[in-house]
Amino acid sequence: MTDNIAGNAPENEIPEAVIKPRKGISIVWIIPIVAALIGAWVAYKAVSEVGPTIFISFENAEGLVAGKTRIKYKDVEVGLVTAVDLEDDLKHVRVTVQMHKGAKGYLTEKTRFWVVKARISAGTVSGLGTLLGGAYIAIDPVNGGKFVKDYVGLDTVPIVTTDQPGQHFILQAKRRGSLEAGAPIYFRQIKVGEVVSYQLSEDTETVDFKVFINEPHDIKVTENTRFWN
């Protein structure tokens, strides 16, 4: 009996499946590809906007917190403290700072840093704004010069910064008297400058006062100008 059962085709007559390659990208891969592109863009943007890393040595870390303490110039944030560690000598702290992009041009050997916090000294009060926002590190940037990444922070707030127009002069006196750093200098009862610092001369015979006279009064200081306390 050679007849096939109805509805059953011979084995050699069964059609074979034809596999055709699918063109284009599967929708399953779209989401991870987009996520990878976004991640790469974010990483590139983060790296391209990062400035140089510098290190500042201070006597202590009072008020400094990694990830929170900012570096500011004229109340504009230009960097962030990323780490606070002890120096090898255990006498100072080493503060690691990540500066913003473009900062390298003014990180020179003459640039200065100091901590701004609430202070009461010599009858004056300063840094009251830090009572709410916390302490921050101020920078006195100096353009032009060799790039430096290691600094020693100032113990006290400088009287004069480099962005103030005027000139420095050295005055010599037999004794210090009542003069302190920050003491005003007057001309016709108008403040025209201030005492920046003082120290004994090399021969210890006099006291050398470093003073700053504001512009335009500085051009009036000549060899015949006299100062007195």
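All values reported here derive from a predicted model rather than from experimental measurement.

### Considering the overall build of the chain
Okay, step 1: When its secondary structure is counted, the chain shows two helices and 13 strands.
Okay, step 2: Expressed as a percentage of the 229 residues in the chain, the buried residues total 26%.
Okay, step 3: The long-range share in the chain, meaning contacts at least 24 apart out of those at least 6 apart in sequence, stands at 61%.
Okay, step 4: Roughly 17,000 Å² of accessible area belongs to the chain as shown, and the carbon and sulfur atoms make up 56% of that amount.

### Details of the sheet that holds strand 11 (residues 184-187)
Okay, step 1: If you walk across this open sheet you meet the four strands as 10-13-12-11, and the pairing is antiparallel. The outermost strands of the open sheet, each flanked by one partner alone, are strand 10 (166-173) and strand 11. Pairs of neighbouring strands in the sheet enclose a mean axial angle of 35°, with direction left out of account.
Okay, step 2: Looking at chain direction, strand 11 and strand 12 (residues 190-200) are connected through four bridges and run antiparallel. If you follow I185 over to strand 12, its bridge partner there is G193.

### Remarks on unusual backbone geometry
Okay, step 1: Note the cis peptide between E215 and P216, where omega equals 10°.
Okay, step 2: One non-glycine residue, K74, adopts positive backbone phi at about 55°.
Okay, step 3: Note on placement: K74 falls in the loop between strand 2 (70-73) and strand 3 (76-86).
Okay, step 4: By relative accessible area, which is 59% here, K74 ends up exposed.
Okay, step 5: Residue D75 is not a glycine yet carries a positive backbone phi of 65°.
Okay, step 6: Secondary-structure assignment places D75 in the loop between strand 2 and strand 3.

### Things to note about the sheet that holds strand 8 (residues 136-140)
Okay, step 1: Judged by pairing direction, the sheet is mixed, and its seven strands sit side by side in the order 5-8-2-3-4-1-9 without closing on themselves. Strands with a single pairing partner mark the edges of an open sheet, and in this sheet they are strand 5 (112-116) and strand 9 (150-152). Across this sheet, the average inter-strand angle for adjacent strands is 30°, counted without regard to direction.
Okay, step 2: In this structure, strand 2 lies alongside strand 8, joined through two bridges in parallel fashion. When the sheet's bridge partners are listed, K72 is paired in strand 8 with A138.

### Quick look at the pattern of salt bridges
Okay, step 1: A full pass over the atoms with the stated rule returns five salt bridges.
Okay, step 2: E62 is the salt-bridge partner of K117, the closest N and O atoms lying 3.1 Å from each other. With a gap of 55 residues between them, K117 in the loop between strand 5 and strand 6 (119-121) and E62 in the loop between strand 1 (50-58) and strand 2 connect regions that are remote in the sequence.
Okay, step 3: In this structure, the salt-bridge partner of R70 is E77, at a minimum N-O distance of 3.2 Å.
Okay, step 4: Residue classification places E77 among the partly exposed residues on the basis of a relative accessible area of 31%.

### Details of the environment of R94
Okay, step 1: Positionally, R94 belongs in strand 4 (residues 93-100).
Okay, step 2: When its relative accessible area of 29% is taken as the criterion, R94 is described as partly exposed.
Okay, step 3: Discounting residues that sit within four places of it in the chain, R94 has contacts with F55, I56, A83, V84, D85, E87 and D150.

### Thoughts on the nonpolar core
Okay, step 1: Grouped together as the largest cluster of nonpolar side chains are 20 residues, with contacts concentrated most on I71, M99, L107, F113 and I137.
Okay, step 2: Secondary-structure elements contributing two or more residues to this core are strand 1, strand 3, strand 4, strand 5 and strand 8.
Okay, step 3: Considering each element in turn, this core owes the most residues, four residues, to strand 4.
Okay, step 4: With near-sequence residues (within four places) excluded, F113 lies in contact with I54, I56, F58, I71, L107, I137, A138, I139, Y151, G153 and L154.
Okay, step 5: Formed by nine residues, the second largest nonpolar core is a distinct cluster that contains I185, V192, V195 and I213.

### Notes on a nonpolar patch on the surface
Okay, step 1: A contiguous nonpolar patch, built from I30, V34, I38, W41, V42 and Y44 and spanning about 630 Å² of accessible area, is present on the exposed surface.
Okay, step 2: Relative to the helices and strands, I30 resides in helix 1 (residues 27-48).
Okay, step 3: Overall, the relative accessible area of 43% leaves I30 in the partly exposed class.

How each quantity is defined
Residues numbered from 1 in each chain as written. Predicted model: local features only at pLDDT ≥ 70, side-chain atom pairs only at ≥ 80, totals over all residues. Heavy atoms only, no water. Helix = DSSP H or I, 4+ residues; strand = E, 2+ residues; numbered from the N terminus. Buried < 20%, exposed > 50% of the residue type's maximum accessible area, 1.4 Å probe, protein only. Contact = heavy atoms within 4.5 Å. Areas by Shrake-Rupley, 256 points an atom, 1.4 Å probe, with all protein chains shown as cover. Pairing = 2+ DSSP bridges. Axes fitted to C-alpha atoms, helices over the stretch in contact; angles between N-to-C directions. Salt bridge = Lys/Arg side-chain N within 4 Å of Asp/Glu carboxyl O. Core = buried A, V, L, I, M, F, W, Y, C linked by side-chain atoms within 4.5 Å. Patch = residues over 30% accessible without salt bridge, like charges linked within 9 Å, V, L, I, M, F, W, Y side chains within 5 Å.

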